[in-house]
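# Residue-level structural notes
Residue-level listing of the chains:
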Amino acid sequence: MVLQIPDVLSQEQMARARRMLQTAEWVDGRITAGHQSARAKDNLQVPEGHPVARQLGEMILAELQRNALFVSAALPLKVFPPLFNRYEGGQSFGNHVDNAIRSVAGASTRVRTDLSATLFLTEPDEYDGGELLVEDTFGVHSVKLPAGHLVLYPASSLHHVRPVTRGARLASFFWIQSMLRDDGERTLLFDLDTAIQRLTVDVPAHPAAVQLTAVYHNLLRRWADV
Ligand code: NI
């Protein structure tokens, strides 16, 4: 499932992020790439653990924790501390798959990357190109979202970022280890949760909502690792 999550950050938070990223240090993005993806990758990144990345990352994670759509879709167990990248002057990231396991710098924590997330930090009209293209069994999804919006997609998918030929594209990117390793099971629970929410709005207090909620939790109990 490729899912867009709108308005993860407010306008004020976006402005703060842009201000702080202007003062941050930027280095070659290949430092966090795996062997194959290092050859495909051409962009800049704020170093992992840099104070700006830490502060903005905490702000993003706090917003995601109270974002009902994100929690329902990702069922997050662990989230890798958000990183920040920039593409400009023709930079791109060729086709690759993200590393399956990520170690958090300076900690003993490891994250299995079930889901990849990109949070757009520049408006689409500020740059040309820079689309994120994600392949799945339905074809190729082209994603270029307003600033403050996030896209969530299975980390198992091949994906690439098209060259940025005008302006600069700023984004935050990170990975999520879900309580449900399997994308198909996770999507079923997300669809079931969405249907229950609609039912409880359209037909309040219908007894079937309780039964369906029980089914949701019993499937979650059966499939989740915590
Ligand atoms: Ni990637």
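Heads up: the structure comes first, above all this text.
The structure reproduced in this document is the subject of the present report. Every value quoted in this text rests on a predicted model; they were computed, and no experiment measured them.

Once that is clear, we can look at the sheet that holds strand 12 (residues 132-136). Remark on secondary structure: sheet strands pair via backbone hydrogen bonds, oriented parallel or antiparallel. The strand order 3-7-15-12-13 describes an open sheet built from five strands, whose pairing is antiparallel. Each edge of the open sheet is held by one strand with a lone partner, namely strand 3 (41-42) and strand 13 (139-143). Strand direction decides the pairing type here: strand 7 (residues 92-96) and strand 15 (residues 159-161), joined by two bridges, are antiparallel. Looking across to strand 15, one finds that histidine 96 is bridged to histidine 159.

Our next topic: the packing of helix 5 (residues 183-202) against helix 6 (residues 207-223). As a packed pair, helix 5 and helix 6 sit with axes 10 Å apart at the nearest point and diverge in direction by 160 degrees. Considered as vectors, helix 5 and helix 6 are oriented roughly antiparallel to each other. For the pair helix 5 and helix 6, the crossing hand works out as left-handed. Across the interface between the two elements, Glu185, Leu188, Leu189, Leu192, Asp193, Ile196, Leu199 and Thr200 from helix 5 touch Ala209, Leu212, Thr213, Val215, Tyr216, Leu219, Leu220 and Trp223 from helix 6.

Another aspect to go through is the side chain of arginine 169. You can see arginine 169 is positioned in strand 17 (residues 168-178). The side chain of arginine 169 sits in the buried core without any salt bridge; glutamate 131 is the nearest counter-charge, 7.6 Å away. Look past the residues within four positions of arginine 169 in its chain and what remains in contact with it is Asn85, Arg86, Tyr87, Thr118, Phe120, Thr122, Tyr127, Gly130, Leu132, Val161 and Val164.

Before going further, it helps to examine the coordination of the nickel ion. Around the nickel ion, the protein contributes the donor atoms His96 (NE2), Asp98 (OD) and His159 (NE2), at 2.1 Å from the metal centre. Counting the intervening residues between successive donors of the nickel ion yields the motif H-x1-D-x60-H. You can see histidine 96 sitting in strand 7 and its partner histidine 159 sitting in strand 15, a full 63 residues away along the chain. Note on histidine 96: relative accessible area 3%, which makes it buried.

Rules used in this analysis
- Residues numbered from 1 in each chain as written.
- Predicted model: local features only at pLDDT ≥ 70, side-chain atom pairs only at ≥ 80, totals over all residues.
- Heavy atoms only, no water.
- Pairing = 2+ DSSP bridges.
- Helix = DSSP H or I, 4+ residues; strand = E, 2+ residues; numbered from the N terminus.
- Axes fitted to C-alpha atoms, helices over the stretch in contact; angles between N-to-C directions.
- Parallel < 35°, antiparallel > 145°, perpendicular 65-115°, else oblique.
- Left-handed = near helix turned anticlockwise from the far one by under 90°.
- Contact = heavy atoms within 4.5 Å.
- Buried < 20%, exposed > 50% of the residue type's maximum accessible area, 1.4 Å probe, protein only.
- Lys, Arg positive; Asp, Glu negative; His and termini not counted.
- Salt bridge = Lys/Arg side-chain N within 4 Å of Asp/Glu carboxyl O.
- Donors = N, O, S within 2.8 Å, 3.2 Å for Na, K, Ca; no water.

These results come straight from atomic positions and should not be treated as a statement about function.
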